[in-house]
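The chain contents come next:
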Amino acid sequence: MKGKWKAAIAVGLPVLAFVCGVAMLIFGITGEVQLRQATAGYDSTQGYFSDYDIYSAKTGRHGSSTYRLIYSYTVDGQEYTVSTDYGSGSIPNQGSPREVWYDPQNPEEAVLSGGNSHQLLIFMGAMFTAVPLVFLLGALTVLGVLRWNRVDVMGLVIGVVFAGLGAGFLYFMVGSVPIQEFVQSMVAPFALIPLLMVIAGVWLVIRSLFFSGKESRKRGARKKS
């Protein structure tokens, strides 16, 4: 009985994660398309970081707070504000610039350039669907259902996932601060993590595509000798 429960959990969790990922992708893509349609006629102007409020407060010893960033922009001499619709872990310097798109007929209706909650949902959905597929490919390879001669498919998929995760984190980090501030922040360990993930992911992809066949042939030659 315990074995059946373990098998059910082992199968059920990846399936549940995959279903959740697909749902996130659907809602995220739908929201992004609707946002693009709604802002098609918007004009752009330069906004400047002016304030922030707490998006989610720190919980527990290892938790961290996230912030809703508020930007000010001026249209026809009138000042307005617009804020991010997701929590950012970093706060830009006061007065840091960021492009703002606003409705020329109603300037107080505006959105910020860069990442938004819809894109964040798409990013999370892609990860939730990709990770279960990695486990599925691994299980099928271990069971002998799938055989790969020239390409290390597991290494390829893991590399794509790593690179995608790192690139996604970098995109949202760069989207909330000017590129100059982001480059300066790269000295911080937490900022280096997504960059290292991208580098590791790209290396795994290159290795899986171009070097796995050579390594398998070397192992075969050693066995024969």
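Coordinates for the structure precede this section.
This is a predicted model, so every value here is computed, not measured.

> It is not clear to me how the overall build of the protein should be interpreted in this structure. Could you clarify?
Along the backbone of the protein there are six helices and five strands. Helices and strands appear in the protein in the N-to-C order α-β-β-β-β-β-α-α-α-α-α. Long-range contacts, defined here as pairs at least 24 residues apart, represent 64% of the contacts in the protein between residues at least 6 apart. Counting every atom, the protein has about 14300 Å² of accessible surface; 65% of that belongs to carbon and sulfur.

> Any chance you could explain the sheet that holds strand 3 (residues 78-83) here in plain terms?
Pairing between the strands of a sheet is mediated by backbone hydrogen bonds and can be parallel or antiparallel. In space, the five strands of this open sheet follow the order 3-2-1-4-5, with antiparallel pairing throughout. The open sheet has two edge strands, strand 3 and strand 5 (106-112), and neither has a second partner. Averaged over all pairs of adjacent strands, the angle between their axes in this sheet comes to 45°, without regard to strand direction. Bridge analysis of strand 2 (residues 66-75) against strand 3 gives six bridges, and the strand direction is antiparallel.

> I would appreciate a short explanation of unusual backbone geometry in the present structure.
For residues besides glycine, phi is generally negative; the peptide bonds are generally trans as well. Phi at Asp76 takes a positive value of approximately 55°, unusual for a residue other than glycine. Structurally, Asp76 is set in the loop between strand 2 and strand 3. For Asp76, a relative accessible area of 80% corresponds to the exposed category.

> Mind showing me how you'd approach the environment of Glu32 here?
By secondary structure assignment, the location of Glu32 is in helix 1 (residues 2-38). Measuring from C-alpha to C-alpha, the distance between Glu32 and Gln119 comes to 6.9 Å, with 87 residues separating the pair along the chain. Residue contacts for Glu32: discarding those within four places in its chain leaves Asn116, His118, Gln119 and Ile122. A distance of 3.3 Å separates polar atoms of two side chains, one belonging to Glu32 and the other to Asn116.

> Honestly, a nonpolar patch on the surface in this entry has me stumped. Any pointers?
Judged by side-chain polarity, Val15, Phe18, Val19, Val22, Ile26, Leu133 and Leu136 come together as a nonpolar surface patch covering roughly 570 Å² of accessible area. Per-element tally for the nonpolar patch: the top contributor is helix 1, with five residues. Positionally, Val15 belongs in helix 1.

> Hey, could you run me through the nonpolar core in this one?
Where a protein is soluble and globular, its nonpolar side chains tend to be buried together. Counting residues in hydrophobic clusters, the biggest one holds 12 residues: Phe49, Tyr67, Leu69, Tyr71, Tyr73, Val75, Tyr80, Val82, Val100, Tyr102, Ala110 and Leu112. Contributing elements (two or more residues each) for this core: strand 2, strand 3, strand 4 (97-103) and strand 5. Top element by residues in this core is strand 2. It accounts for five residues. Non-local contacts of Val75, meaning those with residues more than four positions away in its chain, are made with Tyr80, Tyr102 and Pro107. In terms of nonpolar packing, the next biggest core, distinct from the first, is built from six residues, Ala130, Val134, Val157 and Val161 among them.

> For this particular structure, what's the right way to read the pattern of salt bridges?
Once their charged atoms are close, side chains differing in charge can pair, the charge on each being opposite to the other. According to the stated counting rule, one finds two salt bridges in the structure shown. Among the salt bridges present, the one from Arg36 reaches Glu32, with a minimum N-O distance of 3.0 Å. Of this pair, Arg36 and Glu32 are both found in helix 1, four residues apart, which corresponds to roughly one turn of the helix. In this structure Glu32 comes out as buried when scored by relative accessible area, which is 9%.

Conventions we followed
- Residues numbered from 1 in each chain as written.
- Predicted model: local features only at pLDDT ≥ 70, side-chain atom pairs only at ≥ 80, totals over all residues.
- Heavy atoms only, no water.
- Helix = DSSP H or I, 4+ residues; strand = E, 2+ residues; numbered from the N terminus.
- Contact = heavy atoms within 4.5 Å.
- Areas by Shrake-Rupley, 256 points an atom, 1.4 Å probe, with all protein chains shown as cover.
- Pairing = 2+ DSSP bridges.
- Axes fitted to C-alpha atoms, helices over the stretch in contact; angles between N-to-C directions.
- Buried < 20%, exposed > 50% of the residue type's maximum accessible area, 1.4 Å probe, protein only.
- Polar contact = N/O pair within 3.5 Å; in protein donor to acceptor, adjacent residues only side chain to side chain.
- Patch = residues over 30% accessible without salt bridge, like charges linked within 9 Å, V, L, I, M, F, W, Y side chains within 5 Å.
- Salt bridge = Lys/Arg side-chain N within 4 Å of Asp/Glu carboxyl O.
- Core = buried A, V, L, I, M, F, W, Y, C linked by side-chain atoms within 4.5 Å.

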